[in-house]
Amino acid sequence: MTETTATNAPLQLLVLEGDGIGREICGATVQVLDAASRLFGFALAYEQAEIGFTALEKQGTTFPEAVFEAARRADGIILGPVSHNEYPPAEKGGLNPSGQLRKRLDLYANIRPARSREGFEPRCGKPLDLVVVRENTEGFYSDRSMHLGPGEIMPTPDLALSFRKVTREASLRIAESAFALAMQRRRKVTAVHKANVLRISDGLFLECVRSVAARYPQVAYEEKIIDAMAALLVRDAGVFDVIVTTNMFGDILSDQASEISGSLGLAASLNAGREHAVAQAQHGSAPDIAGQDRANPCSLIGSAAMLLTWLGERRGNEALLRAGAAIERALDLTIRVPEQRTGDLGGRLGTKAFTERVLATLPEAARAG
């Protein structure tokens, strides 16, 4: 692979650093994207915008309306972690940028792969390669389940109620996403639910998934109750391929699967809809290590690789597809050497040194493709 000249109009990426370690890992991710663009001959242009505590201090909100407009214009979005649990109430400007983007851009599919890597032993001893396809716009998540107001109420000081929203439209389209993905992989889908208790809401979810499954006879289909599924992942996550489920169950299972695969610090994630996609690390903002060159950028770099792949598939752009795959391989090649890992993975490198190793490995990863 030789460096080529980009001839097409640049992809417009919006970078939102967020809080805590966001600036460091976004910076590392942009470096890797720039290197990949030079190797594979496509152009990138970046717009930076402030969200989180920085925006709150300057503009009185953690998610200014101008940022949403920039997100709507962009070809793709790189979203750093946010400390939304520490934000003030929404009426005082404390909006969760991640939830706002998912709801307002209709990013209904949260795609979270978890796989073991060469030289990095999975926690439970058995190799795995699965993807959690999580419905992203409703469920028990109170910031995105209502048209007006939150999905939680407190009628009295001693009573709190949460509402769970499950719709046919959302269930059908997340099921369709899962089966379409399974057709590109090992052709197996596992639907995870709690219909033995949540008979109406999860009953509707399963009805929708089953109707989609009937249109994919080539794909093996099974159903698992959520508590059993959590145990089965520990026993042998390698028997699963694509897991489709509702919002909260998917959030929990994807973190569990990523940790089983080796570390949540390796967990890539893409929030995707029909028109927009956001690359976002699975982990939090880690303010306790912010600015200390200790953050692991793997998760966001891997998420950006997923964004390139998503863009490449939509545009029929082979260069973007190859670049996404090469970034994934570069991460694998770097991580398999213990001395080249960041501290949270048992290594000795900081954010900058690890990023330099990924950049040095990227040409080799490109040639391997």
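Read on for an overview of the structure.

Procedures and definitions
- Residues numbered from 1 in each chain as written.
- Predicted model: local features only at pLDDT ≥ 70, side-chain atom pairs only at ≥ 80, totals over all residues.
- Heavy atoms only, no water.
- Helix = DSSP H or I, 4+ residues; strand = E, 2+ residues; numbered from the N terminus.
- Buried < 20%, exposed > 50% of the residue type's maximum accessible area, 1.4 Å probe, protein only.
- Contact = heavy atoms within 4.5 Å.
- Pairing = 2+ DSSP bridges.
- 1 Å grid on protein atoms, 1.4 Å probe; cavity = no way out; pocket = protein on both sides within 12 Å on 5 of 7 lines; lining within 4 Å.
- Points joined across faces, edges and corners; volume = space filled by probe spheres on them.
- Nonpolar A, V, L, I, M, F, W, Y, C, P; charged D, E, K, R; others polar.
- Arc of directions from axis to C-beta.
- Salt bridge = Lys/Arg side-chain N within 4 Å of Asp/Glu carboxyl O.
- Axes fitted to C-alpha atoms, helices over the stretch in contact; angles between N-to-C directions.
- Parallel < 35°, antiparallel > 145°, perpendicular 65-115°, else oblique.
- Core = buried A, V, L, I, M, F, W, Y, C linked by side-chain atoms within 4.5 Å.

The next subject is the environment of Leu95. Within the secondary structure layout, Leu95 lies in the loop between β3 (76–79) and α4 (97–104). Residue class for Leu95 comes out partly exposed when judged on its relative accessible area of 23%. For Leu95 and Thr167, which are 72 residues apart along the polypeptide, the C-alpha to C-alpha distance reads 24 Å. Among all residues touching Leu95, those that are not within four sequence positions of it are Thr61, Thr62, Phe63, Tyr87, Ala90 and Gln100.

This paragraph deals with the pairing of strand β2 (residues 44–49). Here strand β1 (residues 11–16) runs beside β2; their pairing, made up of six bridges, is parallel. Following the sheet pairing, Gln12 is matched in β2 by Ala45.

This part is about the layout of surface pockets. A volume near 1,100 Å³ is recorded for the largest pocket. Around the largest pocket sit 42 residues that line it, and Ile111, Leu181, Met306, Thr309 and Glu313 are the ones nearest its centre. Only β4 (109–115), β5 (129–135), α5 (168–183), α8 (247–261), β11 (270–272), α9 (298–315) and α10 (318–335) provide two or more residues apiece to the lining of the largest pocket. In the lining of the largest pocket, the residues fall into 21 nonpolar, nine polar and twelve charged.

Along helix α2 (residues 52–59), the residues classified as buried are Gly52, Ala55 and Leu56. Looking down the long axis of α2, one finds its buried residues gathered within 105° of arc, a one-sided arrangement. Turned more than 90 degrees away from the buried face of α2, the exposed residues are Glu57 and Lys58. Trailing α2 by a residue or two, Gly60 shows a phi angle of about 80°, which is positive.

What follows covers empty space enclosed by the protein. Enumeration over the complete set of coordinates arrives at one cavity of 30 Å³ or more. As a volume, the largest cavity reaches approximately 50 Å³. If you go around the largest cavity, the residues you meet are Glu135, Glu138, Gly139, Lys165, Val166, Ser171, Ile174, Phe205, Thr246 and Asn247.

Turning our eyes to something else, we now look at the pattern of salt bridges. Pairing between side chains becomes possible if they bear opposite charge and their charged atoms approach one another. This structure, assessed with the given rule, holds 25 salt bridges. A salt bridge links Arg185 to Asp241, with the shortest nitrogen-to-oxygen separation between them at 2.8 Å. Of this pair, Arg185 sits in the loop between α5 and β8 (188–193) while Asp241 sits in the loop between α7 (226–236) and β10 (242–245), and the two are 56 residues apart along the sequence. A relative accessible area of 26% places Arg185 in the partly exposed class. The buried category is assigned to Asp241, whose relative accessible area is 0%. Through salt bridges that share partners, Arg112, Arg134, Asp251 and Asp255 make up one connected network.

Moving on, we come to unusual backbone geometry. Phi at Asp106 takes a positive value of approximately 55°, unusual for a residue other than glycine. Inspection of the secondary structure assignment puts Asp106 in the loop between α4 and β4. Backbone geometry places Asp293, a non-glycine residue, at a positive phi of 60°. Classification of Asp293 as partly exposed rests on a relative accessible area of 30%.

This part takes up the environment of Asp143. Along the chain, Asp143 falls in the loop between β5 and β6 (152–156). Between the C-alpha atom of Asp143 and that of Gly99, which follows or precedes it by 44 residues, the distance is 6.6 Å. Residue contacts for Asp143: discarding those within four places in its chain leaves Asn96, Gly99 and Lys103.

This part takes up the packing of α7 against α8. Orientation of α7 relative to α8, taken along the N-to-C sense of each, is 10°, at an axis distance of 10 Å. Taken together, α7 and α8 sit at an angle that is classed as roughly parallel. Within the contact between the two elements, α7 uses Ile226, Met229, Ala230, Leu233 and Val234 and α8 uses Phe249, Leu253, Gln256 and Ile260. Here the residues of the contact of α7 with α8 sort into eight nonpolar, one polar and no charged.

Let us look at the nonpolar core. Counting residues in each nonpolar core, the largest one holds 77 residues, and the members touching the most others are Ile78, Leu307 and Ile327. Among the elements that take part in this core, α9 stands out by supplying ten residues, more than any other. Apart from the residues within four sequence positions on either side, Ile78 is in contact with Leu14, Val15, Leu16, Cys26, Thr29, Leu33, Ala279, Leu300, Ala304 and Leu307. Formed by 18 residues, the second largest nonpolar core is a distinct cluster that contains Phe68, Ile77, Tyr87 and Val278.

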